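# Summary of structural features
The primary structure of each chain is shown beneath.
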Amino acid sequence: MRYIIIGAGAVGGTVGGRLAEAGHEVVLVARGAHYEALREGGLRLVTPQGTFTHRLPTVEGPEELGELRADDVLVLAVKTQDSEAALEAWGPRPVAGGGTAAERLPLVCAQNGVESQRLALRRFRRVYGVCVWLPATFVEPGVVSAPSSPLSGMLLLGRYPHGTDETARRIGADLDTPRLGAPVVPDVTRWQYAKLLGNLVNAVEAVSGVQSGEEGRALLGRVRAEGEAVLEAAGIAYAGQEEQRRVRGDKVHFDPLDPARGAGSSWQSLNRGTGSIEADYLNGEIALLGRLHGVPTPLNDLLQRLANTFARERREAGSMPLAELVGLADAAVTP
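Quick look at the structure, then. For every chain, the first residue of the written sequence is number 1, and numbering continues from 1 along that sequence. Owing to the predicted nature of the model, reporting of local features is limited to residues with pLDDT of at least 70; listing and counting of side-chain atom pairs is limited to 80 or more, with chain, interface and lining totals taken over all residues. Hydrogen atoms and water are omitted, and side-chain values are computed over all heavy atoms in the structure.

Strand order in the open sheet formed by four strands is β4-β3-β10-β9, and the pairing between neighbours is mixed. The open sheet is flanked by β4 (50-54) and β9 (137-140), the only strands paired with a single partner. Pairwise comparison of adjacent strand axes, ignoring direction, gives a mean angle of 25° for this sheet. Pairing geometry for strand β3 (residues 43-47) and strand β10 (residues 143-145), over three bridges, is parallel. The residue of β10 that forms the bridge with R44 is V143. For two strands to count as paired, DSSP must find a minimum of two bridges between them. Helix numbering and strand numbering both begin at the N terminus, where a helix is a DSSP run of H or I of at least 4 residues and a strand a DSSP run of E of at least 2. In this analysis an axis means a line fitted to C-alpha atoms, helices contributing only their contacting stretch, and an angle means the value between N-to-C directions, from 0 to 180 degrees.

Structural data, given as structure tokens:
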């Protein structure tokens, strides 16, 4: 199968690079300066094992590929706020032998949150979800850092909304490279909701930086507890933290190659000044479920609002003092 990585940033670039190392055919999809750098100098993947350059076919959109192949796999790795545009662009593309990508090709959503696969299923008949455990950083155009070892990451894969099939097993076997793990699971959404709870802290990192002190950890715990209460009220199952640790084991050990770039995806969006952030699909997912099921979510409401304000106004990542953020949080939960 040929893997078309739609969004060759931190996660997409790492997955594409590791697939290429294992001998699989890969096409990268990127935009702007990143596209130009990939075309001119290849993808530089910085890892604990060294820096590897992968010169892979790179396109800005589906038109450059022409008719898609029947053995293509589309891997959607853009931020959720960019999913709709990508789905609209790739879904109608013709496939050799007849039909369109949306009708015939598998689409793998390798993203944070749970919304993209819902959007995808409106257009694509065969959608696969991934719980992405893959710490990575888009360093600069053409360069991606994947600092974990011995595996760069684990990708728990399954048919969306549930189940497995032969295609999932084939994709999982390809992704299960010497530097990636890809267990195929029948309940992928249960793992994705567990990851969602962990990603609620992304907005805290984006606004006030990585938190390792007691006060910061206490705030992170409050935000997560609010999310857990919402999922319980909604009757949504999620894998517990101990179960996640058992599955990960010591396979994905995160050791930033550059401590200054050790923060998560939302911090990275602010640091690059993209003007957008994924908080609507992380903290906003909890806010949505809270409103649907009558559970107040003042902390996640606050973080969603702050993260979006920082992105819109292009404020410096991590620039709000933690004490100020904690004060706002305390005020938000006070009747």
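Moving on, we come to the environment of R2. As for its placement among the helices and strands, R2 is situated in strand β1 (residues 2-6). Sequence separation of R2 and E25 is 23 residues, and the distance between their C-alpha atoms is 4.9 Å. Any two residues whose heavy atoms approach within 4.5 Å at even a single point are treated as in contact. Every residue in contact with R2, bar those within four places of it in the chain, is listed here: E25, V27, L65, L68, R69, D71, D72 and V73. Any pair of nitrogen or oxygen atoms within 3.5 Å is treated as a polar contact; in protein, a donor-acceptor pairing is required on top of that, and neighbouring residues in sequence qualify only through side-chain atoms on both sides. A distance of 2.7 Å separates polar atoms of two side chains, one belonging to R2 and the other to D72.

Okay, the packing of aromatic side chains next. Centres within 6.5 Å are what make two rings of Phe, Tyr or Trp a pair, Trp counting through its six-membered ring; a difference in plane orientation under 30 degrees is then read as stacked, over 60 as edge-to-face, and the rest as tilted. What the rule picks out here adds up to one aromatic pair. Between W133 and W191, the aromatic rings sit 6.0 Å apart at their centres with planes inclined by 85°, giving edge-to-face as the arrangement. Of this pair, W133 sits in strand β8 (residues 127-133) while W191 sits in helix α7 (residues 188-199), and the two are 58 residues apart along the sequence. With respect to class, W133 is no different from W191; both count as buried. Only protein chains enter the calculation, and the probe is 1.4 Å; a residue is then buried if its accessible area is under 20% of its type maximum, exposed if over 50%, and partly exposed in between.

To continue, consider the sheet that holds strand β7 (residues 107-109). Here eight strands make up an open sheet; going across it, the order is β5-β2-β1-β6-β7-β8-β12-β13 and the pairing mixed. Each edge of the open sheet carries a strand with a single partner, namely β5 (58-59) and β13 (180-181). Inspection of the sheet shows β1 paired to strand β2 (residues 25-29) by five bridges, in the parallel sense. Pairing of Y3 across the sheet is with V26, part of β2. Running over the sheet, helix α3 (residues 83-90) touches β1, β2, β6 (72-76) and β7 and is turned about 160° from β6.

Our next topic: the pattern of salt bridges. Salt bridges are defined by distance alone: a side-chain nitrogen of Lys or Arg within 4 Å of a carboxyl oxygen of Asp or Glu. According to the stated counting rule, one finds 17 salt bridges in the structure shown. With a closest N to O distance of 3.0 Å, E25 and R69 form a salt bridge. Highlighted residues: E25 in strand β2 and R69 in the loop between β5 and β6, separated in sequence by 44 residues. Residue classification places E25 among the partly exposed residues on the basis of a relative accessible area of 40%. R159 is the partner of D165 in a salt bridge, and the nearest nitrogen-oxygen pair spans 2.7 Å. For R159, a relative accessible area of 24% gives the class partly exposed. Beyond isolated ion pairs, a larger network of salt bridges with shared partners links E25, R69 and D71.

This part is about the packing of helix α9 (residues 214-234) against helix α14 (residues 322-333). Contact pair α9 / α14: the axes reach a minimum separation of 11 Å and the direction vectors enclose 35°. You can see that α9 and α14 cross each other, and the crossing is left-handed. In contact with E215, G216, L219 and R222 of α9, α14 contributes L322, L325, V326, A329, D330 and V333. Charged means Asp, Glu, Lys or Arg here, nonpolar means Ala, Val, Leu, Ile, Met, Phe, Trp, Tyr, Cys or Pro, and polar covers whatever is left, Gly included. Among the residues forming the contact of α9 with α14, the class breakdown is six nonpolar, one polar and three charged. Left-handed describes a crossing whose near helix is turned anticlockwise from the far helix by less than a right angle; the clockwise case is right-handed.

Before going further, it helps to spend a moment on empty space enclosed by the protein. A 1.4 Å probe that fits into a set of points on a 1 Å grid over the protein atoms alone but cannot get out defines a cavity; an open set with protein on both sides within 12 Å along at least five of seven lines defines a pocket, and lining residues are those with an atom within 4 Å of a point. Grid points are joined across faces, edges and corners, and a volume is the space filled by probe spheres set on the points. Scanning the model with the defined rule gives two cavities of 30 Å³ or more in all. Here the largest cavity defines a volume of roughly 50 Å³. Considering the residues around the largest cavity, the lining is formed by V15, V75, V108, A110, V130, L155, I171 and L175. When grouped by side-chain class, the residues that make up the lining of the largest cavity number eight nonpolar, no polar and no charged. By volume, the second largest cavity is sized at about 30 Å³. Along the walls of the second largest cavity sit Q111, N112, G113, V130, C131, V132, Q192 and K195, which together make up its complete lining. When contributions to the lining of the second largest cavity are tallied by element, the ones reaching two or more residues are β8 and α7. Sorting elements by how many residues they give to the lining of the second largest cavity places β8 first, with three residues.

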